[in-house]
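Below, each chain spelled out in residue letters.
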Amino acid sequence: MMEAKIRADKEKVISKIDDRLYSSFIEHLGRAVYNGIYEPGHETADDMGFRQDVMNQIREMKVPMVRYPGGNFVSGYCWEDGTGDKEKRPKRMELAWSSVETNEVGIDEFQEWAKRAGTEIMMAVNLGTRGAEEAGNLVEYCNSVTDTYYADMRRKNGFEKPFGIHTWCLGNEMDGPWQIGHKTPLEYARAATEAAKIMKWTDDSIELVACGSSHQNMETFGEWEETVLREAYDHIDYLSLHEYFGNPNNDTPGYLGCSLDMASFINKVVAICDKIKAEKKADKDIHLSFDEWNVWFHSQEQDKKIDKWQVAPPLLEDIYNMEDALVVGCLLNTLINHSDRVKIACLAQLVNVIAPIMTETGGKMWLQTIFYPYMYASRYGKGEALAPEVICDAYAAGGKEAIPYVDASVVWNEKERELTVFAVNRNLKDSVRLELDLTGFKGLKPIEHKVLNHEDLKASNSPDEPEKITPKEGSGVQDSVVTLEPHSYNMLRFFAE
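Keep in mind that this is a model prediction, so the values were computed, not measured.

The next point concerns the layout of surface pockets. By volume, the largest pocket is sized at about 510 Å³. Along the wall of the largest pocket there are 25 residues; nearest its centre are Ser214, His215, Glu243, Tyr244 and Trp296. Ranked by residue count, the leading element in the lining of the largest pocket is strand S10 (residues 238-245), at four residues. For the lining of the largest pocket, the per-class residue count stands at ten nonpolar, ten polar and five charged. Counted as a void, the second largest pocket has a volume near 260 Å³. Broken down by secondary-structure element, the contributors of at least two residues to the lining of the second largest pocket are helix H8 (259-280), helix H10 (322-337) and strand S19 (406-413). Taken together, the residues of the lining of the second largest pocket break down into seven nonpolar, five polar and two charged.

Here is the structure:
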């Protein structure tokens, strides 16, 4: 059995974790909205057509914030289409995903869904086909109490009280040639700056996220960030990062190390932010919003076979397996361990589209393997991230020389007096005897050890076998030692007196 050790000290704090680190994302894409969160004919639908089986699960997960309405979708979206009388709303050709958008659900409905689901909205504005004026109008519609045109429009649509949306995205992936209204670094920097000014003049309480690079292999990566920050630094609060991971070459050992790529991406962007801070002699830090991240590769071939111009076609419906859950666990650990600068992160997405929650149209809901690491982090990863020292052997794979066999994060929740250790054993053959050296805690008592594992790393849940892979009780902690099964995700909770 392999030996490993995790040291964590109550006094060695990385940062207080922003609850929004465990946010998610719902785009007008595929079956995320229609036949996902919204299906009026479903047996669980409420008075507004929202599926209660889905909503109850999201409420149980305690998802703090959901990014909306895109994604690529937002770069061609007229937000006014999703307001007012549903009978008068236009159907549109949705060019980002070659679908038909009915506009049955817009901000009017989604803000109510968010309230009922117990979550906040991270609202994105269209900086592809539209610009600063329309972005400011949307802020007025959502947040203003003034007796002015767009605030009055909201009232006429039946909403006297403002929606109170605090966090806003200045477009989406504008560095990408695939994006409607794709821009050069300077074109976007200027557009984002002017939009930010109008939006904050409309409501000075909001926070703004500027687009960073769509992934770290973009040709403009680095140049994009520096250009945007030089123009917009004084007007924004966060810079975004997006990255998706996959295993198309079926290299499981290498795939399990992809969280090192996420960490590298974060560190590079932090360095750029700090470089521009020094250059500008600024007082404030720019924090990061990793507002799209997940595993995405399973569905790419099948999506090529789906006909265009359908309403809610089954796009991006990845079916996740056991190894995907291990990767998501490691990615969550990485976000926790970088919570000093990553304040917002959004698992993309929440329902049906590269999602932990799946639905059958007219049928049942079921949970994917990646649901469980995300749920445990969202529920128990709140408080302070402690700096974990992980002592273990490493292996070489996927072009990386040293991937630690054990990946971990440690969170202390002072309010609940709970310490949580999230640990992934990347070893595909051997168990790990893990010693926990947890300094500064009195009367530490184990509460729970949950394990997610399956002998077949390619095994998945399905509508017919929804509980094929679910968490089980682990062996527990005895004398500060716990056994991690091969290729397993583990959640260990302790109570401190």
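Turning to the packing of aromatic side chains, a few remarks are in order. Taken as a whole and assessed by the stated rule, the structure comprises 20 aromatic pairs. An angle of 50° between the planes, with centres 5.1 Å apart, marks the rings of Trp79 and Tyr141 as tilted. With a gap of 62 residues between them, Trp79 in the loop between strand S4 (65-68) and strand S5 (92-94) and Tyr141 in helix H3 (residues 132-143) connect regions that are remote in the sequence. Under the relative-accessibility criterion, Tyr141 is labelled buried at 0%. Residues Tyr149 and Tyr150 carry aromatic rings whose centres are separated by 4.8 Å and whose planes lie at 80° to one another, so their mutual orientation is edge-to-face.

With the rule as written, the count across this model stands at 39 salt bridges. Close ionic contact of Asp237 with Lys200 constitutes a salt bridge, the shortest N to O distance being 3.0 Å. Here Lys200 lies in helix H5 (residues 185-202) and Asp237 lies in the loop between helix H6 (223-232) and S10, a separation of 37 residues in the sequence. Members of the salt-bridge network, linked through shared partners, are Asp46, Asp47, Glu112 and Arg116.

Moving on: the pairing of S10. With seven of eight residues buried, S10 lies mostly within the body of the structure. Bridge count for strand S9 (residues 207-210) against S10 is two bridges, and the pairing is parallel. Residue Val209 lies in a different strand from S10, and its bridge partner there is Tyr238.

Applying the stated criterion across every chain, the model contains zero disulfides. Cys142 takes part in no disulfide bond, and the closest cysteine sulfur, belonging to Cys169, lies 13 Å away. Using a relative accessible area of 0% as the deciding quantity, one classes Cys142 as buried. Here Cys211 is not cross-linked by a disulfide; its sulfur's nearest cysteine counterpart is in Cys169, at 7.5 Å.

What counts and how
Residues numbered from 1 in each chain as written. Predicted model: local features only at pLDDT ≥ 70, side-chain atom pairs only at ≥ 80, totals over all residues. Heavy atoms only, no water. 1 Å grid on protein atoms, 1.4 Å probe; cavity = no way out; pocket = protein on both sides within 12 Å on 5 of 7 lines; lining within 4 Å. Points joined across faces, edges and corners; volume = space filled by probe spheres on them. Helix = DSSP H or I, 4+ residues; strand = E, 2+ residues; numbered from the N terminus. Nonpolar A, V, L, I, M, F, W, Y, C, P; charged D, E, K, R; others polar. Phe/Tyr/Trp six-rings, centres within 6.5 Å; stacked < 30°, edge-to-face > 60°. Buried < 20%, exposed > 50% of the residue type's maximum accessible area, 1.4 Å probe, protein only. Salt bridge = Lys/Arg side-chain N within 4 Å of Asp/Glu carboxyl O. Pairing = 2+ DSSP bridges. Disulfide = S-S within 2.5 Å.

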